[in-house]
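The lines below spell out each chain.
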Amino acid sequence: AYQNFVREIGAPELIVTDNSQTQTGKKWEATSRSIITKQRKFAPHNQNQNKAERQIQDVKHLVMMVLGKAHAPLIFWCYCLIHVIDCLNFTTKKSLGWKTSYEILNGDTADISTFCFGFWQPIDYFDPTAKFPDSQWKQGRFLGIAWDSGDQFTFTIWTEP
């Protein structure tokens, strides 16, 4: 994940970790050295030292809230997690001068028109492989935005049997 981040976003000047085994291994250290990234390590699971621990707790709470409100099965928690983080990354923050995290990272104004469905919302989708007499319009559930395929209006959906 660290190497993918560097490849897709770029090398950070500083990375703060909780000193977990993943973030202290040889591969992690080699990547950090090769891209000349400073590291600061804190005690794991200690909210007083690491601000990220509190953010993680808040995101978990939001995920459980969204799953409950949508009446979505718990098995879809990982999709909900990505959806919640996407929403947070496209929400303006006072601490960022009323800009979004996306805008700070990429320099582009965030386009929120992509967020036109709620998590687990029933949707109709077109299935071009459906054979007559079945309808090509099927029902599914919205799971999130498929950032790595298609355009910005390509979504991840759960197809109902």
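Residues numbered from 1 in each chain as written. Predicted model: local features only at pLDDT ≥ 70, side-chain atom pairs only at ≥ 80, totals over all residues. Heavy atoms only, no water.

**Focus on the pattern of salt bridges**
What the rule picks out here adds up to 2 salt bridges. The partner of lysine 41 in a salt bridge is glutamate 29, with the nearest N and O atoms 3.2 Å apart. Of this pair, lysine 41 sits in strand 2 (residues 38–41) while glutamate 29 sits in helix 2 (residues 26–34), and the two are 12 residues apart along the sequence. The closest approach of N and O atoms between aspartate 58 and arginine 54, which form a salt bridge, is 3.1 Å. With aspartate 58 and arginine 54 both in helix 3 (residues 51–70) and 4 residues apart, the pair spans about one turn of that helix. (Salt bridge = Lys/Arg side-chain N within 4 Å of Asp/Glu carboxyl O. Helix = DSSP H or I, 4+ residues; strand = E, 2+ residues; numbered from the N terminus.)

**Observations regarding the side chain of glutamate 29**
Residue class for glutamate 29 comes out buried when judged on its relative accessible area of 18%. A polar side-chain atom of glutamate 29 sits 3.5 Å from a polar atom in the side chain of glutamine 39. If sequence neighbours within four positions are ignored, glutamate 29 has contacts with Gln23, Thr24, Gln39 and Lys41. (Buried < 20%, exposed > 50% of the residue type's maximum accessible area, 1.4 Å probe, protein only. Polar contact = N/O pair within 3.5 Å; in protein donor to acceptor, adjacent residues only side chain to side chain. Contact = heavy atoms within 4.5 Å.)

**Considerations on the layout of surface pockets**
Each pocket or cavity is described by its volume, and for the largest pocket that value is around 2,200 Å³. Looking at the largest pocket, it is lined by 43 residues, and the ones nearest its centre are Phe5, Ile85, Asn89, Ser101 and Leu105. Sorting elements by how many residues they give to the lining of the largest pocket places helix 3 first, with 9 residues. Taken together, the residues of the lining of the largest pocket break down into 24 nonpolar, 10 polar and 9 charged. As a volume, the second largest pocket reaches approximately 180 Å³. (1 Å grid on protein atoms, 1.4 Å probe; cavity = no way out; pocket = protein on both sides within 12 Å on 5 of 7 lines; lining within 4 Å. Points joined across faces, edges and corners; volume = space filled by probe spheres on them. Nonpolar A, V, L, I, M, F, W, Y, C, P; charged D, E, K, R; others polar.)

**Quick notes on unusual backbone geometry**
In the segment running from phenylalanine 132 into proline 133, the intervening peptide bond is cis, with an omega of 10 degrees. Here histidine 71, not a glycine, exhibits a phi torsion of approximately 60 degrees, which is positive. In this fold, histidine 71 is placed in the loop between helix 3 and helix 4 (77–89). For histidine 71, a relative accessible area of 69% corresponds to the exposed category. Unusually for a residue other than glycine, tryptophan 120 sits at a positive phi of about 65 degrees. Residue position: tryptophan 120 is located in the loop between helix 5 (101–106) and strand 3 (122–126).

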